[in-house]
Amino acid sequence: MEGNMIANQAQDEVLARLLWWGTCLACLVIALGMALGGVQQAGVLRSLAWSGLDLVKAGIALFILLPVARVVVMLALFVRARDYVYALVALFVLLIIVSGYLVA
């Protein structure tokens, strides 16, 4: 029983780190995009391949992809723990997300 609790805590830590660092990365990309947009509007660095708006859009896309990444990590953790019922549930949720993306 105690070993199971330790495994659950480790899984929770992995998911928490994913969400924490993913959120930090997305915020950083958005902040860089806003700063770059301000510099580009001032007339400096106009010839870059990416605009500030492009970076802001990429940061928002990272925020949108974080829940999908969480489901993928949960699926991997459940398969690794040989918890196949929850792995099937995570796979089903992932299939719903992918099918929603393909239909829309």
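Residues numbered from 1 in each chain as written. Predicted model: local features only at pLDDT ≥ 70, side-chain atom pairs only at ≥ 80, totals over all residues. Heavy atoms only, no water.

**Things to note about the overall build of the protein chain**
Here's step 1: Scanning the protein chain from N- to C-terminus turns up 3 helices and 0 strands.
Here's step 2: Counted over contacts in the protein chain with a minimum sequence separation of 6, partners at least 24 positions apart contribute 53%.
Here's step 3: Of the roughly 7,800 Å² of accessible surface on the protein chain, a fraction of 73% belongs to carbon and sulfur atoms. (Helix = DSSP H or I, 4+ residues; strand = E, 2+ residues; numbered from the N terminus. Contact = heavy atoms within 4.5 Å. Areas by Shrake-Rupley, 256 points an atom, 1.4 Å probe, with all protein chains shown as cover.)

**Focus: the side chain of Gln11**
Here's step 1: Relative to the helices and strands, Gln11 is located in helix α1 (residues 2-41).
Here's step 2: Gln11 gets classed as buried once you look at its relative accessible area, which sits at 16%.
Here's step 3: In this view, Gln11 contacts Leu77, Phe78 and Ala81; residues no more than four positions away in its chain are not counted. (Buried < 20%, exposed > 50% of the residue type's maximum accessible area, 1.4 Å probe, protein only.)

**A closer look at helix α2 (residues 52-80)**
Here's step 1: The end-to-end C-alpha distance of α2, which contains 29 residues, comes to 40 Å, matching closely the 42 Å that a straight helix rising 1.5 Å per residue would cover.
Here's step 2: Most pronounced at Leu65, the bend in α2 amounts to some 35°, and the proline Pro67 follows within four residues.
Here's step 3: Listing the buried residues of α2 in full gives Gly52, Leu55, Val56, Gly59, Leu66, Val71, Leu75, Leu77 and Phe78.
Here's step 4: One or two positions beyond α2, positive phi appears at Arg82, with a value near 60°. (Expected span 1.5 Å × (residues − 1). Bend = angle between axes of the 7 residues up to and from the residue.)

**Describing the nonpolar core**
Here's step 1: Counting 6 residues, the largest nonpolar core consists of Val71, Leu75, Phe78, Ala87, Ala90 and Leu94.
Here's step 2: Where this core is concerned, the elements lending two or more residues are α2 and α3 (84-103).
Here's step 3: When neighbours within four sequence positions are excluded, Val71 is seen to be in contact with Ala90, Val93, Leu94 and Ile97. (Core = buried A, V, L, I, M, F, W, Y, C linked by side-chain atoms within 4.5 Å.)

**A word on unusual backbone geometry**
Among all residues except glycine, the phi angle is most often negative; among peptide bonds, the trans geometry is most common.
Here's step 1: The backbone phi angle of Arg82 is positive, close to 60°, even though this residue is not glycine.
Here's step 2: Along the chain, Arg82 falls in the loop between α2 and α3.
Here's step 3: Look at Arg82 and you get exposed, because its relative accessible area is 65%.

**Comments concerning the pattern of salt bridges**
If charged atoms from side chains of opposite charge come close, those side chains can pair.
Here's step 1: Across all of its chains, the model carries 1 salt bridge by this definition.
Here's step 2: A salt bridge links Arg17 to Glu13; the shortest N-O distance between them is 3.1 Å. With Arg17 and Glu13 both in helix α1, this residue pair falls 4 residues apart, about one helical turn.
Here's step 3: Assessed through its relative accessible area of 44%, Glu13 is described here as partly exposed. (Salt bridge = Lys/Arg side-chain N within 4 Å of Asp/Glu carboxyl O.)

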